[in-house]
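Structure at a glance
In case you want the letters, here they are:
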Amino acid sequence: MRLGIRAGLAMLLVVGLFTSTVATAGKLDRLSETERIHWRALRVFFDKADQKDFLKLKTEEERNAWLKERGYWDRFYKHPQTIREAIVAGEVKKGWDRDRLYMAWGQPSERNRLTGRPATRSERLIYRFEVDKDGFATVVVDRRPDYKAVNRYQVDVVVDDDVVTELTQVDDWR
């Protein structure tokens, strides 16, 4: 299986995932690096109101308390340091649960139910990535491909009973 995300690719993947609008990006500039990690990993679970509420808070202490009150803090910090580092780097692995996958890569571009597998519930989650001229990848969700991308690839993730059981990288998009 050829699944390595290229050197340096993972960090921009995460940055690209979460700085999609100019208004949000401006508010992210005032966050500490630790808070940016929280934002990148946990935003996938926020609804629009949560995003707005989090970014409206003035201090790091207020934002951390907000994450703790809503249970987001434990969702990230229940994992050991090595797993949190892998999440932030976008290094998804077999055996991860759905939460870890979503914290690392966000929502998939597509999802399809699978049948005939030895699991109660099986899905194929399709993640599409674009690579820019500097070699950095960004997950593409709900938008057209960027004409400036120098490469595109897709990772098909099979999730059986909320556990990643297969990761298959495909050149270009299907």
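Structure first, text after, so check above.
The structure contained in this document is the topic of the report that follows. (Residues numbered from 1 in each chain as written. Predicted model: local features only at pLDDT ≥ 70, side-chain atom pairs only at ≥ 80, totals over all residues. Heavy atoms only, no water.)

Considerations on the overall build of the chain
For clarity, the threshold we go by: Helix numbering and strand numbering both begin at the N terminus, where a helix is a DSSP run of H or I of at least 4 residues and a strand a DSSP run of E of at least 2. Here, two residues are considered to be in contact whenever any of their heavy atoms come within 4.5 Å of each other. Under the convention used here, a 1.4 Å probe and the Shrake-Rupley method define accessible areas, while residue burial counts only the protein chains that appear.
Each helix and strand in the chain was counted, giving eight helices and five strands. When the helices and strands of the chain are listed from N to C terminus, the series reads α-α-α-α-α-α-α-α-β-β-β-β-β. Counting only contacts in the chain whose residues sit at least 6 apart along the sequence, the fraction spanning at least 24 positions is 54%. Split by element, the accessible area of the chain, about 9,500 Å² in all, is 50% carbon and sulfur.

Considerations on the environment of Glu 33
Test applied: Summary of the burial criterion: residues with accessible area below 20% of their type's maximum are buried, those above 50% are exposed, and those between are partly exposed, where the area comes from a 1.4 Å probe applied to protein chains only. Residues adjacent in sequence count toward polar contacts only when both atoms are side-chain atoms; beyond that, a polar contact is any pair of N or O atoms within 3.5 Å, and within protein one must be able to donate a hydrogen and the other to accept it.
Looking at where Glu 33 falls in the secondary structure, it is placed in helix α3 (residues 33-42). The exposure class assigned to Glu 33 is partly exposed, which follows from its relative accessible area of 46%. Reaching out from Glu 33, the side chain makes a polar contact with the side chain of Arg 40 at a distance of 3.2 Å.

Comments concerning helix α4 (residues 48-56)
For clarity, the cut-off: Arc definition: it is the arc formed by the directions from the helix axis to the C-beta atoms.
Within the sequence span of α4, burial applies to Asp 50, Gln 51, Phe 54 and Leu 55. Taken end-on, α4 shows its buried residues confined to a sector of 120 degrees, consistent with a single buried face. Exposed positions of α4 whose direction lies more than 90 degrees from the buried face are Lys 48 and Lys 52. Where α4 starts, the residue carrying a side-chain oxygen 3.1 Å from the main-chain nitrogen of Ala 49 turns out to be Asp 47.

A look at the packing of α3 against helix α5 (residues 60-69)
Here is the rule we go by: A fitted line through C-alpha atoms represents every axis, and for helices the fit uses only the stretch in contact; the resulting angles, taken between N-to-C directions, go from 0 to 180 degrees. Angle categories: roughly parallel below 35 degrees, roughly antiparallel above 145, roughly perpendicular from 65 to 115, and oblique for all the rest. Crossings are assigned a handedness: left-handed for a near helix turned anticlockwise from the far helix by less than a right angle, right-handed for a clockwise turn.
One can describe the packing of α3 onto α5 by two numbers: an axis separation of 11 Å at closest approach and a directional angle of 30 degrees. Between α3 and α5, the interaxial angle falls into the category roughly parallel. Considering how the two elements wind past one another, α3 and α5 form a crossing that is left-handed. Of the residues in α5, those in contact with Thr 34, Glu 35, His 38 and Leu 42 of α3 are Glu 60, Arg 63, Asn 64 and Leu 67.

Topic: the pattern of salt bridges
The condition is simple: Any carboxyl oxygen of Asp or Glu that lies within 4 Å of a side-chain nitrogen of Lys or Arg is treated as forming a salt bridge with it.
For the structure shown, the criterion picks out 14 salt bridges. A salt bridge links Asp 53 to Lys 56; the nearest nitrogen and oxygen atoms lie 3.9 Å apart. Here Lys 56 and Asp 53 lie together in helix α4, a separation of three residues that amounts to about one turn. When its relative accessible area of 28% is taken as the criterion, Asp 53 is described as partly exposed. Here Arg 98 and Asp 162 are joined by a salt bridge, their closest N and O atoms 2.7 Å apart. One end of the pair, Arg 98, is in helix α8 (residues 98-105); the other, Asp 162, is in the loop between β4 (151-160) and β5 (163-171), with 64 residues separating them in the sequence. For Arg 98, a relative accessible area of 14% gives the class buried. One network of salt bridges, in which partners are shared, links Arg 98, Arg 121, Glu 123 and Asp 162.

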